[in-house]
Amino acid sequence: MTKYIFVTGGVVSSLGKGITAASLGVLLKRRGYRVSIIKMDPYINVDAGAMSPFQHGEVFVTVDGAETDLDLGHYERFIDEAIMGDNSCTTGKVYSAVIQRERAGGYGGATVQVIPHITNEIQDRIERVGKGKDVVIAEIGGTVGDIEGLPYLEAIRQLAGRVGRGNILYCHVTLVPYIAASGELKTKPTQHSVNELRRIGIQPDIIVCRSQYTVGAELREKIGLFCSVPAGAVFEAIDSDSIYRIPIVLHSQKFDDLVLEKLGLPGDNAPDMKDWEEFLHKYDNRKGELTVALVGKYTEIKDAYLSVNEAVSHAGIANGVKVKMMPVASEDLEAPGAEKILEGADAVLVPGGFGQRGVEGMIVAAKYAREHNVPYFGLCLGMQIAVIEFARNVLGLSGANSLEMDENTENPVIYLMEEQKNVTDVGGTSRLGAYPCDITAGSRSEKIYGANHIEERHRHRFEFNNSYIEEFDAAGMKVAGVCPTGGQVEIMENVNHPWMIGVQFHPEFLSRPVKPHPLFNAFIAAALDIQKKKEAK
Ligand code: GLN
């Protein structure tokens, strides 16, 4: 019998519900349970694909090519399993399915309503991801009390009728704010948000208090009393310097023990968190600092490059060094002499992006990195940038367009993929998801991956123009990876440079704290090596 854990949030958003859900996921997985984790997003967009990073942060891409909320990235990094598109449920997906079914006559003439049709569809989707799993963890996006979240709360309340209340656990994550004027932590907002939950028929089993300071026994008693849970079911999640500490923090309070007990699941096996503890130990013992310039369009938005930042940080920890990300708005590099901004950087990373804005500045960054032997890592758009820069400044090619908008260039080095030419819809129409890649024997990438066949995730419309392969090759910019199914160039390496690699895919999605991605690892190692050599001089 599959068990269900629902994680709701109260008082304010951005409380770390996703991290709580992911932490519970890793703890249960490492106690031997088969865990599935699903995010329910109350927005009407079908997926996050067409959402601006300015509003919604990064778009996370799953193996099966869904463009999802960034919380799925946290889930994958914590649980270390590929999470599929079905694990992202949005109001847009739910309504689309219900309306399609209605049009096809699937409701037999009934009046189609939020209750029961929308709430049933939500429950079906939750149950579907639980097939073959012991536990489903479902995070309900937004905050309790939001109008658009109501159908989800109603659905998870009703699910108790389908699967039995004993097979469900409601975990409410709330804020316990510190009021500086009185020097106190306040429980009232928690009481109110739990009341809001109870008003719609959900009595939480567990309360997780996000707070700046420790929530003492007395406060837990009080919260327990007002919210009708035992004080032992009130946990604290104090602000932490690393999200990866949260599973350990929760486990030390016996959080996972109580969850299992409440669900009637055996809790005999302690979770095996040895590698996780080792990772945190390395995190605490990093020495020195490395500066990586992150040259992109959305650098002022903290979450816009979330997976990239995480992947760099994982690699830094594996290399024993603290990596400081230096955000550089690419447009700032377009002024004459502006490349000076990059002088403090030990490495340059150009992440993915869409549109023409800022592209010229990224090309300046690639030129700077190439000419100054600074390690350069280009992800998706970042690879295309390295190619254009090389075409312009090394090969002197006229086909070096300034990327997507420039339709006047004849035979451009980066062009729109054939299958993209007639695409008009923006959502879900790029080359998306995991594709295989054959790595060239003898390439740097072969050494780095220690493999000849890999699989990485994609999200792009443009690609390298294969008619230029030989010309680039002769000048030292070599193809190091090709997709065996479609022939797309996937990896380019500049062999006349200490470390200049561009990849058409998004390796950042595969990095895990305890399993950093080989390319990021090698990138940071190369920068560290050069920094050490400079210091030794
Ligand atoms: N805009 C480029 C393309 O569509 C790069 C996409 C990306 O970086 N994800 O090919």
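Residues numbered from 1 in each chain as written. Predicted model: local features only at pLDDT ≥ 70, side-chain atom pairs only at ≥ 80, totals over all residues. Heavy atoms only, no water.

Enquirer: A description of a nonpolar patch on the surface should follow, citing residues and the corresponding values.
Expert: There is a patch of nonpolar side chains on the surface, built from Tyr-95, Ile-99, Val-114 and Ile-115 and spanning about 340 Å² of accessible area. Secondary-structure elements contributing two or more residues to the nonpolar patch are helix H4 (91-103) and helix H5 (114-129). Of note, Val-114 is situated in helix H5. (Patch = residues over 30% accessible without salt bridge, like charges linked within 9 Å, V, L, I, M, F, W, Y side chains within 5 Å. Areas by Shrake-Rupley, 256 points an atom, 1.4 Å probe, with all protein chains shown as cover. Salt bridge = Lys/Arg side-chain N within 4 Å of Asp/Glu carboxyl O. Helix = DSSP H or I, 4+ residues; strand = E, 2+ residues; numbered from the N terminus.)

Enquirer: Let's hear about the pattern of salt bridges: which residues, and what values?
Expert: Oppositely charged side chains are able to pair whenever their charged atoms sit close together. Going through the model one piece at a time under the given rule, you end up with 37 salt bridges. Close ionic contact of Glu-331 with Arg-357 constitutes a salt bridge, the shortest N to O distance being 2.6 Å. Taken together, the positions of Glu-331 in the loop between strand E13 (322-329) and strand E14 (347-350) and Arg-357 in the loop between E14 and helix H13 (359-371) put the pair 26 residues apart, joining distant regions of the chain. Assessed through its relative accessible area of 33%, Arg-357 is described here as partly exposed. Close ionic contact of Glu-360 with Arg-392 constitutes a salt bridge, the shortest N to O distance being 2.9 Å. You can see Glu-360 sitting in helix H13 and its partner Arg-392 sitting in helix H14 (residues 381-393), a full 32 residues away along the chain. Judged by relative accessible area, Arg-392 falls into the partly exposed class, the value being 27%. Each of Glu-76, Asp-80, Arg-457, Arg-512 and Lys-515 takes part in one network of salt bridges that share partners. (Buried < 20%, exposed > 50% of the residue type's maximum accessible area, 1.4 Å probe, protein only.)

Enquirer: Give a detailed account of the nonpolar core, specifying residues and quantitative values.
Expert: By size, the foremost hydrophobic cluster in this structure holds 58 residues, and its most contacted members are Ile-5, Leu-28, Ile-137, Ile-206 and Phe-255. Residue contributions to this core peak at seven residues, all from helix H1 (residues 17-29). The contacts of Leu-28, once residues within four sequence positions are left out, are Ile-5, Tyr-33, Val-35, Val-135, Ile-137, Asp-256 and Leu-260. If you look at the next biggest cluster of nonpolar residues, it comprises 38 residues, including Met-362, Ala-366, Ala-369 and Met-383. (Core = buried A, V, L, I, M, F, W, Y, C linked by side-chain atoms within 4.5 Å. Contact = heavy atoms within 4.5 Å.)

Enquirer: Hey, could you go over helix H17 (residues 518-536) for me, with residue numbers and the actual values?
Expert: Along its 19 residues, H17 runs 26 Å from first to last C-alpha, staying within 8% of the 27 Å computed at 1.5 Å per residue. Taken residue by residue, H17 has Leu-519, Phe-520, Ala-522, Phe-523, Ile-524, Ala-526, Ala-527, Leu-528 and Gln-531 as its buried positions. (Expected span 1.5 Å × (residues − 1).)

Enquirer: So what's going on with the packing of aromatic side chains? Residues and values would help.
Expert: Scanning the entire structure with this criterion turns up 18 aromatic pairs. Ring geometry for Phe-78 against Trp-276: centres 5.5 Å apart, planes inclined by 50 degrees, an arrangement best described as tilted. Of this pair, Phe-78 sits in helix H3 (residues 71-79) while Trp-276 sits in helix H11 (residues 274-284), and the two are 198 residues apart along the sequence. Exposure remark for Phe-78: the relative accessible area of 1% places this residue in the buried category. The ring of Tyr-283 carries the charged tip of Arg-286 above its face, separated from the ring centre by 4.0 Å. Sitting above the plane of the Tyr-435 ring, Arg-431 keeps its charged end 4.2 Å from the centroid. (Phe/Tyr/Trp six-rings, centres within 6.5 Å; stacked < 30°, edge-to-face > 60°. Lys NZ or Arg CZ within 6 Å of the ring centre and 35° of its normal.)

Enquirer: Which residues make up the sheet that holds strand E18 (residues 453-460), and what values do they have?
Expert: Sheet architecture is open: nine strands sit in the order E13-E12-E14-E15-E22-E21-E20-E17-E18, paired in mixed fashion. Of all strands in the sheet, those with a lone pairing partner are E13 and E18, marking the two edges. When the angles between neighbouring strand axes are averaged without regard to direction, this sheet yields 25 degrees. Relative to strand E22 (residues 500-503), strand E15 (residues 376-379) is paired through four bridges, and the arrangement is parallel. Within E22, the position partnered with Leu-379 by the bridge is Val-503. The strands touched by helix H12 (residues 306-318) within the sheet are strand E12 (289-296), E13, E14 and E15, with E13 carrying the most contacts at an inclination of about 150 degrees. (Pairing = 2+ DSSP bridges. Axes fitted to C-alpha atoms, helices over the stretch in contact; angles between N-to-C directions.)

Enquirer: Could you give an account of unusual backbone geometry, with specific residues and numbers?
Expert: If a residue is not glycine, its phi is most likely negative; likewise, a peptide bond is most likely trans. Residues Ile-115 and Pro-116 are joined by a peptide bond in cis, for which omega reads 10 degrees. When you line up the elements, Pro-116 lands in helix H5. A positive phi angle, close to 75 degrees, is found at Val-11, a residue other than glycine. Summarising the element assignment, Val-11 is placed in the loop between strand E1 (3-9) and H1. In this structure, Asp-80 is a non-glycine residue whose phi angle is positive, near 60 degrees. Relative to the helices and strands, Asp-80 resides in the loop between H3 and strand E5 (88-90).

Distances and angles like these do not, on their own, reveal function.
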